[in-house]
Amino acid sequence: MSKKASIIGGGIIGLCSAYYLAKEGFQVSVFDKSDMTDGCSYGNAGMIVPSHIMPLAQPGMIAQGMKWMFDSQSPFYVKPRLSTDLIKWGMQFYQHANKKHVEKAMPALRDLSMLSKELYQDFAKENSSFFYDEKGLLMLFKTEKMAEEMHHEGKMAENLGLGVNYLSKDEVSQLETGTKTDVIGGVHYISDAHLYPQKFMQFIKEQLNKLGVSIHKNTTVTDFKINNNIVSEVITSKGNFTTDEVVLATGSWSPEIAKKLQTRISLLPGKGYSFTLKEQSHKPSIPSILCEGKVAVTPMANDIRFGGTMEITHNNDTKINQNRLKGIINSVNDFYPDLNIEMPKVEDTWYGFRPCTPSGMPIITKSKKITNLTFATGHAMMGLSLAPATGKIVAELISGKPTSVATNMFQL
Ligand SMILES: Cc1cc2nc3c(=O)[nH]c(=O)nc-3n(C[C@H](O)[C@H](O)[C@H](O)COP(=O)(O)OP(=O)(O)OC[C@H]3O[C@@H](n4cnc5c(N)ncnc54)[C@H](O)[C@@H]3O)c2cc1C
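Residues numbered from 1 in each chain as written. Predicted model: local features only at pLDDT ≥ 70, side-chain atom pairs only at ≥ 80, totals over all residues. Heavy atoms only, no water.

Backbone hydrogen bonds are what pair the strands of a sheet, in a parallel or an antiparallel way. If you trace the three strands from one edge of the open sheet to the other, you get 10-11-12, paired in antiparallel fashion. Either end of the sheet is taken by a strand with one partner, and the two such strands are strand 10 (221-227) and strand 12 (239-242). Each neighbouring strand pair of the sheet contributes to a mean axis angle of 25 degrees, computed without reference to strand direction. Two strands pair when backbone bridges link them, and strand 10 and strand 11 (residues 230-236) are joined in this way by six bridges, in the antiparallel orientation. Looking across to strand 11, one finds that N227 is bridged to I230. (Pairing = 2+ DSSP bridges. Helix = DSSP H or I, 4+ residues; strand = E, 2+ residues; numbered from the N terminus. Axes fitted to C-alpha atoms, helices over the stretch in contact; angles between N-to-C directions.)

What follows deals with the domain arrangement of the chain. What the domain assignment lists for the chain is domain 1 (4-41 + 199-265 + 360-410) and domain 2 (50-97 + 123-193 + 267-356). A separation of 27 Å is found between the C-alpha centroids of domain 1 and domain 2. The partner domain 2 presents 19 residues to the 26 residues of domain 1 that form the contact. Buried area between domain 1 and domain 2, both sides added, is near 2000 Å², and the carbon and sulfur share of it is 67%. Looking at the side of domain 1 facing domain 2, the largest losses of area belong to F203, S252 and M381, adding up to 28% of the total buried there. If you look at where domain 1 meets domain 2, you find zero salt bridges. Here the element with the most residues in the side of domain 1 that touches domain 2 is helix 7 (residues 197-210); it accounts for five residues. (Domains from an automatic or database assignment. Contact = heavy atoms within 4.5 Å. Buried area = accessible area lost by both parts, 1.4 Å probe. Salt bridge = Lys/Arg side-chain N within 4 Å of Asp/Glu carboxyl O.)

Pairing is mixed in the open sheet, where six strands are placed in the order 9-2-1-13-20-19. At either end of the open sheet lies a strand with only one pairing partner, and these are strand 9 (214-216) and strand 19 (363-366). Between one strand axis and the next, the sheet turns by 15 degrees as a mean value, whatever way the strands run. Across five bridges, strand 1 (residues 4-8) lies against strand 2 (residues 27-31) in parallel orientation. The residue bridging A5 from the neighbouring strand is V28, located in strand 2.

With that settled, the discussion passes to the packing of helix 1 (residues 12-23) against helix 7. The geometry of a pair of packed helices is captured by two quantities: the angle between their axes and the separation between those axes. Packing of helix 1 against helix 7 leaves a shortest axis separation of 10 Å and a crossing angle of 30 degrees. Comparing the axis directions of helix 1 and helix 7 gives the class roughly parallel. Note on packing geometry: the crossing formed by helix 1 with helix 7 is left-handed. Residues I12, L15, C16, A18 and Y19 of helix 1 touch helix 7, and the partners they reach there are F200, M201, I204, K205, Q207 and L208. Counted by class, the contact of helix 1 with helix 7 contains nine nonpolar, one polar and one charged residues. (Parallel < 35°, antiparallel > 145°, perpendicular 65-115°, else oblique. Left-handed = near helix turned anticlockwise from the far one by under 90°. Nonpolar A, V, L, I, M, F, W, Y, C, P; charged D, E, K, R; others polar.)

In C-alpha cells form, the structure reads like this:
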C-alpha cells in the first residue's frame, strides 16, 4: 500500500508539492478551504524570476519603507496596528535587512529559481496551454538614481552567473516594439520567463487528476490528531482523514494552522493588486517592472496584466485601496505613454495575499517536532516562480532523498 500524503492548501505551492509527491508514488490528497479559482496563485503577475535574487529584507529597505509610509500612492506600506505578530515580524525584518543576510540569501534563491525554471521548461514541453515564454524581464527606469541601483543589482546578478544586458533609452525602444516607452534606460534579465497563472493552475490540476490525486475544495482544515509527535489524522469541515505525511502549504494563513501543529511561524500577508485587460492587440511584448512605481506588467497570450503594491497587513483586510491602485495606473501611463489605461472598476480588480516571512526567504523544511510534517510556505512575491522547485524538494524531503538544491536557507 502506498503512503498517504495530505497537503493543506491548494495554491501553487500545494499543487506542485502534490504533483511531485504523486510522481514519487504517494497517495495524495489536497485540502483547500476555497473553491480554488481565485487566490493568490491565480491573479499574480506570472513572472518566473531568477533575476529576483534579493530578498525583501535588504539594506536600505527600512529607510525607503519609512518614506513610502507617508505617500498614499506608494508601492509599499505597512498597515499600522497594535499587534504582537506585526511587532515581532517588524523586529525580525529589521534584523535581516543587512548585507550579510543578502549575501547568503542570493545564491540560495538563485539555485532554487534556476531549478524551478528547468522544471517549468519540462512542463512547457508537455503542454503549451499556459503560454510559457522566455522573453526575459525588463527593469525599466526613469531616474538616474534608479538606473544606478538597477545597474548595481544587475552586476550582482551577473556575478552569480545570470545573463544581464544594460540598455540605453534607444535600445529599450528597439527591444520593446509592442508600444512606446518613456524611460531613460533599462536592464534586461534574459534568464527570466513568464506564463499565464490561471492557465498553469488549470494545467497542474489536470495533471493531478491524471495522477489520481484527490482534491477536496471548500474543505477547511481545522485541526489535527497528533500522537507521539506524529499526525495521524487531518480534521476538516468535511470529516477526518487518516494520513502518513502532512505538508503545510497554506500561504498567508500558515501561522494560524501551524499553531495547531505546535509551531510558531512569523509570517504576514503582503496584499497586492492586479487587473487584466483582455484581447489587447496594442501592448508591451516583454514583461517589465516599472522600477520607480514597483509595478509589474506582463503580456499573457492576448491579454495584459498589471500588478503591484505590497501592503503588509492581516488576512481580514480585503479592501481595495483606490489610492494605491491609482499609483499603479499612473506608473503604467508614465512609462508606456500610448497605453492610456484607465482606473479599473473595483469588481475588476483582483487582490492576493503574498505570504511574507520577515527574512524574505521561503520555508521549505521538515518539522523538528512533528516527524511526519513538512512546511512549504512563505514564498512572498516569488511563489509562482519557485513553486515547481519547492514541490520537488518537498517530495525529496518526504521520500528521504537528497534534495536537488541546498535547503539550509529555507529553515524555520
Ligand atoms: C499582485 C501580485 C503579483 C505577484 N506576482 C508574482 C510573480 O510575478 N511571480 C511570482 O513568482 N510570484 C508572484 N506573486 C506571489 C505569488 O502569487 C505567491 O507567492 C503565491 O501565489 C503563493 O502561493 P501559495 O500556494 O503559498 O499560497 P496561496 O496561493 O495563498 O495558497 C494557499 C491556500 O491555502 C488555503 N488555506 C489556508 N488555510 C487553510 C485551511 N485552514 N484549510 C484549508 N485550506 C487552507 C487557501 O485557501 C489558499 O488557497 C504575486 C503576488 C501578488 C499579490
